[in-house]
Amino acid sequence: MIELNIITVYAILGVGCALASWAEDFQRPDETPLNFWEYVFIVALGPVFAVFELVILVRNRLRK
């Protein structure tokens, strides 16, 4: 059985963020697509920014 540790979960979330970005680029063919290093950046920092965005959305929801 595969062992899930924090690095594995982080990598899965990073790939998910990169796939979401790729899907968004695929829907808008008129924009220039991201290059390889931008996807590496998304995989590396995407989960961190996703958590920050979620915290901000929850905070805004609680204020209303």
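Residues numbered from 1 in each chain as written. Predicted model: local features only at pLDDT ≥ 70, side-chain atom pairs only at ≥ 80, totals over all residues. Heavy atoms only, no water.

## Observations concerning the overall build of the chain
In terms of helices and strands, the chain carries 2 helices and 0 strands. The C-alpha radius of gyration of the chain comes to 15 Å, more than 25% above the 11 Å expected for a compact globule of 64 residues. Judged by the C-alpha coordinates and their principal axes, the chain covers about 40 × 35 × 20 Å. Out of the 64 residues in the chain, the part that is buried amounts to 12%. In the structure as shown, the chain presents an accessible area of about 5800 Å², 71% of it carried by carbon and sulfur atoms. (Helix = DSSP H or I, 4+ residues; strand = E, 2+ residues; numbered from the N terminus. Rg over C-alpha atoms; globule rule 2.2 N^0.38 Å. Buried < 20%, exposed > 50% of the residue type's maximum accessible area, 1.4 Å probe, protein only. Areas by Shrake-Rupley, 256 points an atom, 1.4 Å probe, with all protein chains shown as cover.)

## Some remarks on helix α2 (residues 36-63)
The terminal C-alpha atoms of α2, which comprises 28 residues, lie 39 Å apart, in line with the 40 Å expected from a rise of 1.5 Å per residue. Of all the bends in α2, the largest measures some 55° and sits at L45, one to four residues before the proline P47. All buried positions along α2 are accounted for by Y39, I42, G46 and P47. Lining the buried residues of α2 we find α1 (6-27). (Expected span 1.5 Å × (residues − 1). Bend = angle between axes of the 7 residues up to and from the residue. Contact = heavy atoms within 4.5 Å.)

## A look at the packing of aromatic side chains
Summed over all chains, the structure comprises 1 aromatic pair. Where F36 meets W37, the ring centres are 5.0 Å apart and the plane angle is 75°; that geometry is what we call edge-to-face. According to the relative accessible area criterion, W37 is exposed, its value standing at 62%. (Phe/Tyr/Trp six-rings, centres within 6.5 Å; stacked < 30°, edge-to-face > 60°.)

## What about the side chain of S21?
Structurally, S21 can be placed in helix α1. Dropping the residues within four chain positions of it, S21 is found in contact with L34, Y39 and I42.

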